[in-house]
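# Examination of the molecular architecture
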Amino acid sequence: MADAARTAAHVLIAADKFKGSLTAVEVAAHVTAGLRRAVPGLDVTAVPVADGGDGTVAAALAAGFTRHEARVTGPTGTPVTATFALRGDGTAVVEMAEASGLQHLPPGVFAPLTATTYGTGELLRAALDAGATSIVFGVGGSATTDGGAGMLAALGARLLDADGAPVGPGGGALRSLATADLSGLDPRLATTDLVLAGDVDNPLTGPKGAPAVYGPQKGASEADVAELDTALAHYAAVLERTLGARAADCALAPGAGAAGGIGYGALVGLGATFRPGIDVMLEVLGFAPALAGATFVITGEGSLDEQTLHGKAPAGVAAAARAAGLDVAAVCGRLRLAPEALAAAGIRRAYPLTDLESDPERCMAQAGPLLERAAEQLARDLLS
């Protein structure tokens, strides 16, 4: 390890959550405690990070945004309380999973054909009502595969069947869509800078589309996947008749398949711009100024695996740190990357909790104390 890392005067912790056990804020607190146990008085700064998925609003709140709540329609129609974050300059961070995420379904219960993003549209409207002029729209962890149709309806779009009645909730109902009128969308959207922040580049439909790739995670059977794919393709065709070729282009665009196709709804209806979630969030969270004052960086998430390398928070943090000439170590619940893959991502060494506790259930239950032990070892190896 480089001498600079061993004599580090200022450590920057920029880790994501350990899903199911610790929030990103809790990860930073435990890592800090472990580091200072080995190196008392160590100068540490924490910037909890997220990549657009669940935990994105929490990271914004940790960075000083103000918490706002709204009562909205959950994915199955039951009201839920959803949180968004707002900063004084009018920048809002809205996380679709807060309104339409899997966490709002009972354990083991799914609604692949009927789950709706209507509540996400209500949440976006609440952000506009609160004064948002720029919205970072984090997508991930959705219970839905409706192409964002529910979201658009909540914001004023008219999606009607052949009898002139609104189509039902969920992606399955889109097979009955006959006409689409987006002229009634909230006019404030036209002057709002909306960034679609995600970590997937799938199109709306097809072998790599939202139903085929992500539908099974939401309880969709093989028959459900086929039905949803056909329904979403029909939905895009109806919008193409209304909006022209742009609708077809948006269906093929990177990010259209994000969060059950809500990316498509945001691109085609809300004028959103797609960007990798971690890039957007590092900007919003003030990562660059924190990095400028650091001499060593620690990142991490619950599982360091192949997915990490494709737009997840630790990869983004490591890339930025490497560009700044800084060494990076990682903490994680479990490690499924070879040393060569870690090095290619800019991570010199990783400290998985499973090295300290092999039983997965105990590892998750005791994640905080284990993380402190891992961080203490990291500090002894690399910072003392």
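Quick caveat, the model's predicted, so the values are computed rather than measured.

Reading guide: rules and limits
- Just so you know, the residues in each chain are numbered from 1, in the order the chain's sequence is written.
- Predicted model: local features are reported for residues with pLDDT of at least 70 only, side-chain atom pairs are reported and counted for 80 or more only, and whole-chain, interface and lining totals are derived from all residues.
- Working from all heavy atoms in the structure, the side-chain values ignore hydrogens and water.
- For helices the rule is a DSSP run of H or I covering at least 4 residues; for strands it is a run of E covering at least 2, with both sets numbered from the N terminus onward.
- Residue exposure (1.4 Å probe, protein chains only): buried if accessible area is under 20% of the type maximum, exposed if over 50%, otherwise partly exposed.
- In this charge count, Lys and Arg are treated as positive and Asp and Glu as negative; neither His nor the chain ends contribute.
- Take a side-chain nitrogen of Lys or Arg and a carboxyl oxygen of Asp or Glu: if they are within 4 Å of each other, that pair is a salt bridge.
- Throughout, a residue-residue contact means that at least one pair of heavy atoms, one from each residue, lies within 4.5 Å.
- Strand pairing is assigned whenever DSSP detects at least two bridges linking the two strands.
- Here an axis means a line fitted to C-alpha atoms, over the contact stretch when the element is a helix, while the angle between two N-to-C directions is reported on a 0 to 180 degree scale.
- Any angle that falls under 35 degrees is termed roughly parallel, while one over 145 is termed roughly antiparallel, one within 65 to 115 roughly perpendicular, and all others oblique.
- Note: crossing handedness is left-handed where the near helix turns anticlockwise from the far helix by less than a right angle, and right-handed where it turns clockwise.
- Basically, the charged four are Asp, Glu, Lys and Arg, the nonpolar ten are Ala, Val, Leu, Ile, Met, Phe, Trp, Tyr, Cys and Pro, and anything else, Gly included, counts as polar.
- As used in this record, nonpolar core signifies buried Ala, Val, Leu, Ile, Met, Phe, Trp, Tyr and Cys residues forming a set joined through side-chain atoms within 4.5 Å.
- Handedness rule for crossovers: strands pointing away from the viewer, path from the first strand over the helix to the second running clockwise, crossover right-handed.

The next subject is the side chain of Asp224. Within the secondary structure, Asp224 is located in helix α8 (residues 222-243). Among buried Asp, Glu, Lys and Arg side chains, Asp224 stands out as unpaired, with Arg175 the closest opposite charge at 8.8 Å. Non-local contacts of Asp224, meaning those with residues more than four positions away in its chain, are made with Pro112, Leu113 and Gly219.

Moving on: helix α11 (residues 277-284). Of all eight residues in α11, six are buried, a share of seventy percent or more. Listing the buried residues of α11 in full gives Gly277, Ile278, Val280, Met281, Leu282 and Val284. Following α11 by one or two positions, Gly286 adopts a phi angle in the positive range, close to 75°.

In this section: the sheet that holds strand β4 (residues 79-86). The sheet built from six strands is open, its strands ordered β3-β4-β5-β6-β9-β10 with mixed pairing. The sheet terminates laterally at β3 (66-73) and β10 (273-276), the two strands that pair on one side only. Geometrically, the sheet is characterised by an average inter-axis angle of 30° between neighbouring strands, direction not taken into account. Here strand β6 (residues 134-138) runs beside strand β9 (residues 193-198); their pairing, made up of five bridges, is parallel. Paired with Phe137 across the strands is Leu196, a residue of β9. Each of β3, β4, β5 (91-95) and β6 is contacted by helix α5 (residues 118-129), which is oriented at about 140° to β3, the strand it contacts most.

Look at helix α2 (residues 24-38) against helix α16 (residues 367-382): their axes get within 7 Å of each other, and the N-to-C directions meet at 45°. With respect to α16, the axis of α2 lies oblique. Considering how the two elements wind past one another, α2 and α16 form a crossing that is right-handed. Residues Val27, His30, Val31, Ala33, Gly34, Leu35, Arg37 and Ala38 of α2 pack against Gly368, Leu371, Glu372, Ala375, Glu376, Leu378, Ala379 and Arg380 of α16. Split by residue class, the contact of α2 with α16 holds nine nonpolar, three polar and four charged.

Here we take up helix α13 (residues 313-323). Considered for burial, the residues of α13 that qualify are Ala313, Pro314, Ala315, Gly316, Val317, Ala318 and Ala321. In this fold, the buried residues of α13 make contact with α11, α12 (287-292), β11 (296-304) and β12 (328-335). Note on α13: the residue one or two positions beyond its end, Gly325, has a positive phi of about 80°.

In this section: unusual backbone geometry. If a residue is not glycine, its phi is most likely negative; likewise, a peptide bond is most likely trans. With a phi close to 50°, Ala259 is a non-glycine residue in the positive phi region. Residue placement: Ala259 occurs in helix α10 (residues 258-269). By relative accessible area, Ala259 is classed as buried at 12%.

Right, let's get into the pairing of β6. β6 sits mainly inside the fold: five of its five residues count as buried. Burial along β6 is two-sided: the residues Ser134, Val136 and Gly138 and Ile135 and Phe137 are all buried. Two elements, β5 and β6, share five bridges in a ladder whose sense is parallel. Within β6, the residue paired with Val93 across the bridge is Val136.

Moving on, we come to the nonpolar core. Among the nonpolar cores identified, the biggest contains 57 residues, and Ile135, Phe137, Met151, Tyr235, Tyr264 and Leu270 are the most heavily contacted of them. Tallying contributions element by element places α10 first for this core, with seven residues. Beyond its immediate stretch of four places on either side in the chain, Tyr264 contacts Gly147, Leu204, Tyr235, Ala236, Leu239, Ala247, Cys250, Ala251, Gly255, Ala256 and Gly269. In terms of nonpolar packing, the next biggest core, distinct from the first, is built from 38 residues, Val195, Leu282, Ala318 and Leu337 among them.

This brings us to the pairing of β12. Judged by how many residues are buried, β12 sits mostly within the fold: six of eight residues are covered. In the sheet, β11 pairs with β12 via seven bridges, with the strands oriented parallel. Paired with Leu304 across the strands is Leu335, a residue of β12. Between β11 and its parallel partner β12, the chain crosses via α13, and the hand of that crossover is right-handed. Here β12 pairs with strand β13 (residues 349-352) via four bridges, running parallel. Residue pairing across strands places Val331 opposite Tyr351, the latter belonging to β13.

Note that every value here comes from positions in space, so none of it alone points to a role or purpose.
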